[in-house]
Amino acid sequence: MKIGIDKMGFATSQYVLQMDDLANSRGADPEKFSKGLLLNALSIAPITDDIVTMGASAADSILTEDDKEAIDMVIVATESSVDQSKAAAIYVHSLLEIQPFARSVEMKEACYSATAALDYARLHVEKHPNSKVLVIASDIAKYGIESSGESTQGAGSIAMLISQSPRILELNDQTLAQTRDIMDFWRPNYSTTPYVNGRYSTTQYLDMLKSTWSEYQRRFDTSLADFSAFCFHLPFPKLALKGFNKIMDKSMPIDIQEKLKKNFESSILYSQQIGNIYTGSLFLGLLSLLENSQNLLAGDQIAFFSYGSGAVAEIFTGKLVEGFQNQLQPSRLGELKKRTVLSISDYEHLFFEEAQLDEEGNATFADYETGPFVLKEIREHQRIYGRKND
Ligand code: CAA
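On a predicted model such as this, the values are computed, not experimentally measured, just so you know. (Residues numbered from 1 in each chain as written. Predicted model: local features only at pLDDT ≥ 70, side-chain atom pairs only at ≥ 80, totals over all residues. Heavy atoms only, no water.)

A. Structural context of the sheet that holds strand E3 (residues 41-44). Sheet architecture is open: three strands sit in the order E3-E2-E14, paired in mixed fashion. Each edge of the open sheet carries a strand with a single partner, namely E3 and strand E14 (340-341). Along the sheet, helix H1 (residues 19-26) contacts strand E2 (15-18), E3 and E14; its crossing angle with E2, the most-contacted strand, is approximately 55 degrees. (Pairing = 2+ DSSP bridges. Helix = DSSP H or I, 4+ residues; strand = E, 2+ residues; numbered from the N terminus. Contact = heavy atoms within 4.5 Å. Axes fitted to C-alpha atoms, helices over the stretch in contact; angles between N-to-C directions.)

Right, here's the structure in full:
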């Protein structure tokens, strides 16, 4: 049975911080960000837009009423959860009015867990061929004002509908994961922002890429020449470029190298404008590739490198399906230009605002711009979500 990604949706916040403005205010050379990190802008979410609202918006953009009847599992992969107990997937299930006899769970392992969610969804559909699974990767990457990671923040969600006979990408069975117990990036329960050993995290990312890819090729008797594109986890595009250069096989014919390079460039276009969206960033790379590449054909194989700090990495692959172009939007770069540009002081206020709870656990918020869903208020410690215009 062919199982894979049938539909893909995306949502980000309505506000943006330009990297040049951040550089100027922090006394950094703008080229450090534009060339050193390959980043142009970061999506910035206000307090009323979180992993639930963006995740629901991303899914809302692709689901039909028939899909909502067929979905029997909702998984939200995230490392910026809004509750230590209740799964964000339950709020999403409710906002989207998915039929009630469904399982809803949240998964976590830094930026990696959406890959595990995809595999769980694939195995579920294999057992229950008429099921559809909604996998959402949703995160807000927030490091703190003037922190070393400030330049690699971002916010956004990717929604993927997993089914049999998928219309975008058929997932292959061959996957290979690797686990290493390292402290490159972590966020203890008492902290709203992560601790990060920045340089160390980049060397671990590259080393886990190299060693997992080498073992993957050996185990499955394959090589880079079998693929038309390689998508990477994108904490910032320059690190993925380093990864791409590391795995490039210079003995391949030049036209194959060129095709891979062009497709790499297409895969980073969205994250250059959005920043890091943690669990979703690998799949944002896939969406960017599919909506911007000029040379992909049905039958082309795509490889993926997933990385979550802590750390777990995985390489998996998929094959493009006939007519995949019909399931996509044309490039979304124009849409991203419509976000409201923030001044530095507005960014500092908006991104780091905390709910001011009264003694009963109530809080209200200013009327910020969001997508179709919004966190309306906190009432007796309960987050109240709804459609923006309800
Ligand atoms: N012109 C051009 N390039 C310049 C420059 C200039 N004027 N000034 C500096 N640069 C270059 C540097 O040479 C460097 O490039 P190389 O790595 O190729 O040498 C690049 O710009 C960045 O410079 P620094 O390393 O000095 O920058 P920094 O100290 O601000 O740290 C960072 C960068 C480590 C990525 C930091 O932003 C950070 O800690 N980010 C969060 C952690 C992270 O994203 N890690 C990635 C792997 S972990 C992961 O993948 C999980 C996850 O999503 C978090």
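B. A look at the site of the ligand. Not every one of the 27 residues close to the ligand is listed here, only the nearest: Asp29, Arg199, Ser201, His233 and Lys242. One of the side-chain nitrogen or oxygen atoms of Arg199 is found 2.7 Å away from an oxygen atom of the ligand. Asn276 places a polar side-chain atom, nitrogen or oxygen, 3.0 Å from an oxygen atom of the ligand. Here the ligand loses 75% of its free accessible area of 1,100 Å² to cover by the protein chains. (Near = heavy atom within 4 Å. Polar contact = N/O pair within 3.5 Å; in protein donor to acceptor, adjacent residues only side chain to side chain. Areas by Shrake-Rupley, 256 points an atom, 1.4 Å probe, with all protein chains shown as cover.)

C. A look at the pairing of strand E8 (residues 169-179). Note that strand E1 (residues 3-12) and E8 share two bridges and pair antiparallel. Of the residues in E8, the one forming a bridge with Ile5 is Leu169. Two strands pair when backbone bridges link them, and E8 and strand E13 (residues 312-320) are joined in this way by eight bridges, in the antiparallel orientation. Following the sheet pairing, Leu176 is matched in E13 by Ile315.

D. Expanded view of the sheet that holds strand E16 (residues 373-379). Pairing is antiparallel in the open sheet, where three strands are placed in the order E15-E16-E17. Of all strands in the sheet, those with a lone pairing partner are strand E15 (363-364) and strand E17 (382-387), marking the two edges. Strand direction decides the pairing type here: E16 and E17, joined by six bridges, are antiparallel. Opposite Ile378, over in E17, you have Arg383 as the bridge partner. This element, helix H3 (residues 51-60), spans E16 and E17 of the sheet and lies at about 150 degrees to E16.

E. Region of interest: the packing of aromatic side chains. Per the counting criterion, the structure on display carries 20 aromatic pairs. On the basis of an interplanar angle of 75 degrees and a centroid distance of 5.2 Å, the ring pair of Phe351 and Phe352 is categorised as edge-to-face. Feature note: the residues Trp213, Tyr216, Phe220, Phe227, Phe230, Phe232, Phe244 and Phe264 constitute an aromatic cluster, connected by ring pairs. Taking the ring centre of Tyr91 as reference, the NZ or CZ of Lys86 above it sits at 4.6 Å. One residue, Lys142, lies across the ring of Phe351, its end atom 4.9 Å from the ring centre. (Phe/Tyr/Trp six-rings, centres within 6.5 Å; stacked < 30°, edge-to-face > 60°. Lys NZ or Arg CZ within 6 Å of the ring centre and 35° of its normal.)

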